[in-house]
Amino acid sequence: LLGVSPSVEADGILRALQLRLDKSPQDGFTQEALIHRAELLRLSADLLTNQKLREEYESALLSGAVGLELSSKREVAGLLLLLEADSPFEAFKLSCKALKPPQTPALGSGREADLTLVAALSCRAAAIHEQNDRHFETAAQLLGEGLQLLQRMGKLPEYREILEKDLKTLMPYRILDLVSRDIGDQLSHQEGLRLFDDLVVKRGGLEGGKDSNNIGELNQND
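Now for a quick tour of the structure. (Residues numbered from 1 in each chain as written. Predicted model: local features only at pLDDT ≥ 70, side-chain atom pairs only at ≥ 80, totals over all residues. Heavy atoms only, no water.)

## Considering unusual backbone geometry
Cut-off, in case you're wondering: Only DSSP runs of H or I covering at least 4 residues are called helices, and only runs of E covering at least 2 are called strands; the numbering of each starts at the N terminus. Working definition: with a 1.4 Å probe on protein chains only, accessible area under 20% of the residue-type maximum means buried, over 50% means exposed, and in between means partly exposed.
Residue Pro 102 is bonded to the preceding Pro 101 through a cis peptide linkage, with omega at 0°. By the secondary structure assignment, Pro 102 is in the loop between helix H5 (88-98) and helix H6 (110-132). For Asp 86, which is not glycine, the phi torsion reads 65° and is therefore positive. Considering the arrangement of structural elements, one finds Asp 86 in the loop between helix H4 (75-84) and H5. On the basis of relative accessibility, which here comes to 53%, the residue Asp 86 falls in the exposed class. Positive phi outside glycine occurs at Leu 156, with the angle close to 50°. With respect to the helices, strands and loops of the structure, Leu 156 is situated in the loop between helix H7 (136-153) and helix H8 (157-179).

## Description of the packing of aromatic side chains
For clarity, the threshold we go by: Stacked, tilted and edge-to-face are the three classes applied to pairs of Phe, Tyr and Trp rings, where Trp contributes its six-membered ring and a pair requires centres within 6.5 Å; stacked means planes under 30 degrees apart, edge-to-face means over 60, and tilted covers the rest.
A full pass over the atoms with the stated rule returns 1 aromatic pair. Here the aromatic rings of Phe 136 and Tyr 173 are separated by 5.5 Å at their centres, their planes lie at 40°, and the arrangement is tilted. With Phe 136 in helix H7 and Tyr 173 in helix H8, this pair connects stretches of sequence that are 37 residues apart.

## Some details on H4
The condition is simple: When checking whether two residues touch, look at their non-hydrogen atoms; a contact exists if any pair is within 4.5 Å.
For H4, the buried fraction is high: 8 of the 10 residues fall into the buried class. All of the buried residues in H4 are Glu 75, Val 76, Ala 77, Gly 78, Leu 79, Leu 80, Leu 81 and Leu 83. Buried positions along H4 lie against helix H1 (10-22), helix H2 (31-48), H5 and H6.

## Re the packing of H5 against H6
Rules: Orientation is described by lines fitted to C-alpha atoms, with helices fitted over the stretch in contact, and by angles between N-to-C directions that extend from 0 to 180 degrees. For any pair of crossing helices, the crossing counts as left-handed if the nearer helix is rotated counterclockwise from the farther one by less than a right angle, and right-handed if it is rotated clockwise. As a working rule, the residues Ala, Val, Leu, Ile, Met, Phe, Trp, Tyr, Cys and Pro are called nonpolar, Asp, Glu, Lys and Arg charged, and the rest polar, with Gly in that last group.
Across the interface, H5 lies against H6 with an axial gap of 8 Å and an inter-helix angle of 145°. For H5 against H6, the interelement crossing comes out left-handed. Contacts between H5 and H6 involve Pro 88, Phe 89, Ala 91, Phe 92, Ser 95 and Ala 98 from the former and Arg 111, Leu 115, Val 118, Ala 119, Ser 122, Cys 123, Ala 125, Ala 126 and His 129 from the latter. Broken down by class, the residue content of the contact of H5 with H6 amounts to 11 nonpolar, 3 polar and 1 charged.

## Some details on helix H9 (residues 186-203)
Note the threshold: Multiplying one less than the number of residues by 1.5 Å gives the expected span of a helix. Note: the arc covers the axis-to-C-beta directions of the helix.
In this model H9 runs 26 Å from its N-terminal to its C-terminal C-alpha over 18 residues, within 8% of the 26 Å that 1.5 Å per residue would give. Of all the residues in H9, the buried ones are Ser 188, His 189, Gly 192, Leu 195, Leu 199, Val 200 and Arg 203. Burial along H9 is one-sided: seen end-on, the buried residues are contained in an arc of 140°. Residues of H9 that are exposed and point more than 90 degrees away from the buried face comprise Leu 187, Val 201 and Lys 202. In the core, the buried residues of H9 are packed alongside H8. One or two positions beyond H9, positive phi appears at Gly 204, with a value near 80°.

## Details of the side chain of Glu 75
Summarising the element assignment, Glu 75 is placed in helix H4. When sequence neighbours within four positions are dropped, the list of residues in contact with Glu 75 reads Ala 98, Gln 103, Arg 111 and Leu 115.

Take a look at the structure:
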């Protein structure tokens, strides 16, 4: 949660804590979520600067303990810190789960707004991770899942536009990902060819029409 090395000393922990507290997450989260985020960071620093508690914690880790149990009121803060810890895929999946029955938050509540924002931010970050690893179809699937969620929630139209643009820009790479797979993967090949046909039709042919630069961000030479 703090982003410090396991060998860090107490003064390094306190410096890291102050840096994290000073660096607020992206605008849009409720004050409650930000307060709980700060609480989790302070609790983490308190544990790691207490020699006895730290030894117990590290012993549990060496014994194979994984994950943290958070109260429901700190759930959003935990997901936010998970996103900040460069684990966007996990943050996205957990926020999606929290927005579905039986955990669905009250309509119009701050928790609903915070979870939806975490989902939007983590979806895009996870998709960028997959793109950087050249897993373009996986990135597209993540963006599609995020778009469906935001549409269902009826929130964050500005983020829907961002995800839609990302998905459009990704199309050529997604096609290449699918059609370049092993020849035995016929389902992927067929889907890639279907997407390619759709791309050509939307462009008005291979050469494209006057608006073709807006389709997949490709000009004629591309």
